[in-house]
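So the chains spell out like this:
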There are 2 protein chains.
Amino acid sequence: MSAGIDGRVLLARLRELGEVGRDARGRLVRLAASDADRAGRDLLARWLQGAGLEVAVDAIGNLFGIWQAGAGQPVMVGSHIDTVIDAGIYDGCYGVLAGLAVVEALRAEGLVPARPLAVAAFTNEEGVRFAPDMMGSLVHAGGLDLAEALASIGTDGTVLGEELRRIGYAGSMVPGTIRPAAYLELHVEQGPVLEQDAAAIGAVADLQGISWQRLRIEGRANHAGTTPMALRQDAGHAAARIVTGLRALAEGGTVATVGSLRLEPDAINVIPGAAVLTVDLRDPDEGRLAAAEAALSGLVAEVAAAEGVAITTERLARFQPVRFDPALVARIEQAAAKRGLPVRRMTSGAGHDAQMLARICPSAMIFVPSRDGISHNPAEYTAPEALVAGAEVLLDVVRGLLGADRGPG
Amino acid sequence: MSAGIDGRVLLARLRELGEVGRDARGRLVRLAASDADRAGRDLLARWLQGAGLEVAVDAIGNLFGIWQAGAGQPVMVGSHIDTVIDAGIYDGCYGVLAGLAVVEALRAEGLVPARPLAVAAFTNEEGVRFAPDMMGSLVHAGGLDLAEALASIGTDGTVLGEELRRIGYAGSMVPGTIRPAAYLELHVEQGPVLEQDAAAIGAVADLQGISWQRLRIEGRANHAGTTPMALRQDAGHAAARIVTGLRALAEGGTVATVGSLRLEPDAINVIPGAAVLTVDLRDPDEGRLAAAEAALSGLVAEVAAAEGVAITTERLARFQPVRFDPALVARIEQAAAKRGLPVRRMTSGAGHDAQMLARICPSAMIFVPSRDGISHNPAEYTAPEALVAGAEVLLDVVRGLLGADRGPG
């Protein structure tokens, strides 16, 4: 009776969507609310409609494909399709397209759901162009005011609300209208854990807390040849001291990253007068995360005093660690075991839309292995059979939730 | 009999030229061969013609105003009018406009020169958009092949030769056609020495050597949340170690600067996969400069090994320290003394067109104080009376050279 997941179709769609948004250098760059994002959304919407789903878009651009069936709150599966700069093809897209594959498999089985099923693609999960990341799901969960989110200024100076209107994805539905009975997100691990343990499935029980800050350092621009070293207020040197100093803070499970650093005026023969850098701190333990933030503040004060520069700090995002729904996590473990797939409970190192949905409904995540733990990189890769196995576990869990008359747990 | 320098006109022209090339943020940005550079050149050419000078432009865009008089090789005075990003109004422009003021003063005296006098504005002295810096004077002196210079790729991906044609300043004259009997360059000090010594005039006897290199660091882009610190190949962290490590190399008169640093992909939640930075090393002693370059190579190798990244180094410019013509330096000291202006011999910390002209003719420079030693910055300032005093010393030295039947020495 079970046709199961059509792996060929799932993989072909992953590859096709992965070609949408290639830049002149061949890099996959599908930043939120860009022209490339519009092209990806158009393709996804066509696929959702082709599967007989009703497509709805809310005011923050979250895109849903809804299988109207049964009664009560829907089961929701999904992720995002926006990408980082020079991305791989799996991150986010896999969870959305696997959700679509689950719908098609259930239809092929002739299943009549007891409740609706919704496939979601949330806006701006990556947060590369607009901050904060996971914005669409955060707004959906009521954690961020819609107007504030739409007013977000992009790294290119654009305004998110205007960009969403420009690409035709500023929808009419009020964010949060679709209140799920449960949310499941299937995702590539983006880390080395499953590969090292030779596990096929990760049942994600919790998720790291995240702290994003932007630092602006004001020094004094001056001539590189005539200014004695002792008289310099070099914003670039101050920034470098913070980057190296951060390494010392990253211990006991905390990870610290400076992903963006820009100098002004950024000229070879001018001592940098200003520097802007971002700091990304993560830890599954709130206490350690808060301690790392405090240590960063100390480092900033120490460098400002030593270098004779002024440093201002702006908080871009702050999320506490999240514990997912134990009953859903157990369902994932049981489904994996039934299919004879090695499964392990784990913590997510990355932020995901599921952590926002967890605020309003029972939520959990399913991970599949990432080769060498690489992601946010063109080398991101998960074996086809591993991708299909993950989708089949999602299928089994969703089938169980749809069959039930009430939510999980 | 001597009308002397018309200070009001000189200062008004400095201010007027200083308004050409203001960007949307009000910053003075007149990069070589840009639209702003064209506007500045057009204004200068009108002023030169207004003073009865014959305007000539060579194939690298060097702009000359020539007073055809007497016989033999001309005396040349000048500097440049291109600027850095967010520049002050004096750097370069002062030397060119003071040269024009000298011509007007000599005409007012009714002087009949024994040899021609040329006012020069050399192309791309700053080297911000195109490398190397001091390019126009270097080509004029035969130190850089014309075709190679015209093929220089700008930081914005443009080609210098095409940009010069586009702005109408790719001239027909062969570079180096005008071979001076002597070259004098009047410039703001861009350092603190004259101010600290309460000297009005610097007789510049020599000039620092300069080494410019560009480093490219190749690491591995990866997810900021899921990649353990120990497994990272963070190009940004490697760059920061080089920036801080450079401080240790900058001793005994060497100055070291990282003015430009860019990360790829430059996203908050992605470990930098690549970094490109520039290193500017200067020292008046060739031995110490070479030692600093060797120490940098050692630092680069050490960081590459420690961080697991690949680092490639590209030489952008390398000039040995320069000794100016002792007879010309003596003439400057005598002229200052005659006017009762405190004068001191000094070393130039900055690179100047004079160091290139010194390859083909007796050359020297005259400095005036820079307040707080600031330059390459909107706060760059020299008092009006100090600017006029410097121009009057230039006038006296030029008058002496023009009166002579032969070159100095």
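Just so we're clear, the structure is a prediction, and the values are computed from it rather than from any experiment.

Quick word on the domain arrangement of chain A
Residue and element names in this part refer to chain A. The domains assigned to chain A are domain 1 (7–208 + 321–401) and domain 2 (209–319). Computed over C-alpha atoms, the centres of domain 1 and domain 2 are 33 Å apart. Taken together, the contact pairs 16 residues of domain 1 with 13 residues of domain 2. Between domain 1 and domain 2 lies a buried interface of about 1000 Å² when both sides are counted; carbon and sulfur atoms form 63% of it. It is D133, Q208 and P321 in domain 1 that bury the most area against domain 2; as a group they hold 51% of the surface buried on that side. Connecting domain 1 to domain 2 are zero residue pairs in polar contact (both at pLDDT 80 or more).

What about the environment of A274 of chain A?
Residue and element names in this part refer to chain A. Here A274 lies in strand 12 (residues 274–283). Residue class for A274 comes out buried when judged on its relative accessible area of 3%. Remark: the alpha-carbon pair of A274 and D234, spanning 40 residues in sequence, is separated by 7.9 Å.

Quick word on the environment of A147 of chain A
Residues and elements named next belong to chain A. Relative to the assigned elements, A147 resides in helix 5 (residues 146–150). Overall, A147 belongs to the exposed group, its relative accessible area being 52%. Through-space distance from the C-alpha of A147 to that of H376 is 29 Å; in sequence the pair is 229 residues apart.

Notes on the pattern of salt bridges
Within the structure shown, the criterion is met by 52 salt bridges over all chains. In this structure, the salt-bridge partner of R216 of chain B is E218 of chain B, at a minimum N-O distance of 2.5 Å.

Some words on the packing of aromatic side chains
Each aromatic ring pair is described using two quantities: the centre-to-centre distance and the angle formed by the ring planes. Residue and element names in this part refer to chain A. As enumerated under the stated definition, the model contains six aromatic pairs over all chains in all. With 6.0 Å between their ring centres and 90° between their planes, F64 and F122 make a pair best called edge-to-face. Of this pair, F64 sits in strand 2 (residues 63–67) while F122 sits in strand 4 (residues 117–122), placing them 58 residues apart in sequence. Among the aromatic residues, those joined into a cluster by ring pairs are F64, F122 and Y183. The ring of W47 carries R13 above its face, with NZ or CZ at 5.6 Å from the centroid. We note R107 situated over the ring of W67; from NZ or CZ to the ring centre the distance is 4.4 Å.

Focus on the side chain of T382 of chain A
All names here are of chain A. Within the element layout of this structure, T382 appears in the loop between strand 16 (363–368) and helix 12 (384–403). Judged by relative accessible area, T382 falls into the buried class, the value being 3%. Within polar-contact distance, the side chain of T382 engages the backbone oxygen of P369 at 2.7 Å. In this structure T382 touches Y90, V188, V368, P369, S370 and L387, once residues within four positions along its chain are discounted.

Notes on the interface of chain A and chain B
Tallying the contact residues gives 64 residues for chain A and 64 residues for chain B. Around 5200 Å² of area is buried between chain A and chain B when both sides are counted, 56% of it from carbon and sulfur atoms. Contact with chain B buries area across many residues of chain A, yet M229, R247 and I268 of chain A alone supply 15% of it, more than any other trio. Put simply, chain A and chain B have four salt bridges between them. The salt bridge partner of R262 of chain A is D266 of chain B, with a shortest N-O separation of 2.5 Å. Our enumeration of links across chain A and chain B arrives at 24 residue pairs in polar contact (both at pLDDT 80 or more). With seven residues, helix 8 (residues 235–249) of chain A is the largest single contributor of residues to the side of chain A that touches chain B. Among the residues forming the side of chain A that touches chain B, the class breakdown is 27 nonpolar, 23 polar and 14 charged.

What to know about the packing of helix 8 (residues 235–249) of chain B against helix 9 (residues 286–307) of chain B
Residues and elements named next belong to chain B. One way to put it is that helix 8 packs onto helix 9 with a least axis distance of 10 Å and a crossing angle of 150°. With respect to helix 9, the element helix 8 is oriented roughly antiparallel. At the point where helix 8 passes helix 9, the crossing takes the right-handed sense. Between helix 8 and helix 9, the contacting residues are H237, A238, R241, I242, G245, L246 and L249 on the first element and A292, A295, L296, L299, V300, E302, V303, A306 and E307 on the second. Its residues placed into classes, the contact of helix 8 with helix 9 shows eleven nonpolar, two polar and three charged.

Re the pairing of strand 3 (residues 75–80) of chain A
All names here are of chain A. In terms of burial, strand 3 is largely enclosed, as six of its six residues are buried. By the bridge criterion, six bridges tie strand 3 to strand 4 in an arrangement that is parallel. Across the sheet, the residue bridging to V77 is V119, located in strand 4. For the segment spanning strand 3, helix 3 (residues 93–109) and strand 4, crossover handedness is right-handed. Alignment of strand 3 against strand 5 (residues 182–188), held across three bridges, turns out to be parallel. Each residue of the ladder has a partner; that of V77, found in strand 5, is L184.

Thoughts on the relation of the copies chain A and chain B
Of the transformation superimposing chain A on chain B, the axial component is 0.0 Å and the angular component is 180°, with the fit at an RMSD of 0.0 Å. Those values place the two copies in the arrangement expected of a two-fold rotation axis. Closest approach to the rotation axis among the C-alpha atoms of chain A is made by A240 of chain A, whose C-alpha sits 2.2 Å away. Most of the interface of chain A is mirrored in chain B: 100% of its interface residues are interface residues there too.

Thoughts on the pairing of strand 6 (residues 201–207) of chain B
All names here are of chain B. The buried count for strand 6 comes to seven of seven residues, which makes it a mostly enclosed element. Of the pairings in the sheet, the one linking strand 6 to strand 15 (residues 343–348) comprises six bridges and is parallel in character. Within strand 15, the residue paired with L207 across the bridge is S348. Relative to strand 14 (residues 322–323), strand 6 runs antiparallel, the two sharing two bridges. When the bridges of strand 14 are listed, D206 appears paired with R323.

Points about the confidence of the model for chain A
All names here are of chain A. In this model, chain A carries an average pLDDT of 95, and 98% of its residues clear a pLDDT of 70 or more. Note that pLDDT drops below 50 for residues 404–409; the model gives that stretch twelve contacts with residues more than four away or on any other chain. For this predicted complex, the interface confidence reaches an ipTM of 0.75, while the overall pTM sits at 0.74.

Examining the packing of helix 10 (residues 326–338) of chain A against helix 12 of chain A
Residue and element names in this part refer to chain A. For the pair helix 10 and helix 12, interaxial distance at closest approach is 9 Å and the crossing angle is 125°. Considering the angle they form, helix 10 stands oblique to helix 12. For the pair helix 10 and helix 12, the crossing hand works out as right-handed. From helix 10, L328, R331, I332, A335 and A336 reach across to helix 12, where they touch V393, D396, V397, G400 and L401.

A short note on the side chain of S260 of chain A
For S260 of chain A, the location among the structural elements is in the loop between strand 9 (255–257) and strand 10 (261–264). Within polar-contact distance, the side chain of S260 of chain A engages the side chain of D266 of chain B at 3.0 Å. Residues within four places of S260 of chain A in sequence aside, it is in contact with V276, L277 and T278 of chain A together with L263, D266 and A267 of chain B.

Quick look at the environment of P192 of chain A
Structurally, P192 of chain A can be placed in the loop between strand 5 and helix 7 (193–197). Considered as a pair, P192 of chain A and I374 of chain A are 182 residues apart in the sequence and their alpha carbons are 7.9 Å apart. What P192 of chain A contacts, discounting residues up to four positions off in sequence, is G373 of chain A together with T226, P228 and L231 of chain B.

Observations regarding unusual backbone geometry
At the junction of E264 of chain A and P265 of chain A, the peptide bond is cis and its omega measures out at 0° in the coordinates. For P265 of chain A, the position within the fold is in the loop between strand 10 and strand 11 (270–271). Cis geometry marks the peptide bond from A131 of chain B to P132 of chain B, where omega comes out at 0°. Locating P132 of chain B in the fold gives a position in the loop between strand 4 (117–122) and helix 4 (135–140). One non-glycine residue, D86 of chain B, lies in the positive phi region at around 60°. Among the secondary structure elements, D86 of chain B is positioned in the loop between strand 3 (75–80) and helix 3 (93–109). With a phi angle near 55°, H376 of chain B is a residue other than glycine that sits in the positive phi range.

Quick notes on the rules
In this numbering scheme, every chain counts its residues from 1 along its sequence in written order. Key to labels: chains lettered from A, ligands numbered from 1, both in the order written. Given that this is a predicted model, residues contribute local features only at a pLDDT of at least 70 and side-chain atom pairs are listed and counted only at 80 or more, while totals for whole chains, interfaces and linings are drawn from all residues. No hydrogens and no water enter the side-chain calculation; it runs on all heavy atoms of the structure. Segmentation into domains, and thus their bounds, comes from an automatic or database assignment. We call two residues in contact when some of their heavy atoms are within 4.5 Å. Defined here as a combined quantity, buried area equals the accessible surface (1.4 Å probe) lost by two parts on assembly, summed across both. Two N or O atoms form a polar contact when they lie within 3.5 Å of each other; inside protein one atom must be a possible hydrogen donor and the other a possible acceptor, and for residues adjacent in sequence the pair counts only when both atoms belong to side chains. Strands here mean DSSP runs of E at least two residues long; helices mean DSSP runs of H or I at least four residues long; both are numbered from the N terminus. Burial classes follow relative accessibility: with a 1.4 Å probe on protein chains only, a residue under 20% of its type's maximum area counts as buried, one over 50% as exposed, and anything between as partly exposed. Counted as salt bridges are all cases of a side-chain nitrogen of Lys or Arg within 4 Å of a carboxyl oxygen of Asp or Glu. Pairing of aromatic side chains here covers Phe, Tyr and the six-membered ring of Trp, requires ring centres within 6.5 Å, and sorts the geometry by plane angle: under 30 degrees stacked, over 60 edge-to-face, intermediate tilted. A ring is considered to have a charge above it if a Lys NZ or an Arg CZ atom is located within 6 Å of its centre and within 35 degrees of its normal. Only Asp, Glu, Lys and Arg are considered charged in this grouping, and only Ala, Val, Leu, Ile, Met, Phe, Trp, Tyr, Cys and Pro are considered nonpolar; every other residue, Gly among them, is considered polar. Fitted lines through C-alpha atoms give the axes, limited to the stretch in contact for helices. The angle between two N-to-C directions lies from 0 to 180 degrees. Here the angle decides the label: under 35 degrees means roughly parallel, over 145 means roughly antiparallel, 65 to 115 means roughly perpendicular, and every other value means oblique. Here a crossing is taken to be left-handed if its near helix is turned anticlockwise relative to the far helix by less than a right angle, and right-handed if that turn runs clockwise. A strand pair is defined by DSSP finding two or more bridges across the two strands. With strands facing away from the observer, any crossover in which the path from the first strand over the helix to the second runs clockwise is taken as right-handed. Here the copies are superposed with least squares, the fitted atoms being C-alpha atoms of residues at a pLDDT of at least 70 in both. pLDDT: the predictor's confidence for each residue, scored from 0 to 100.

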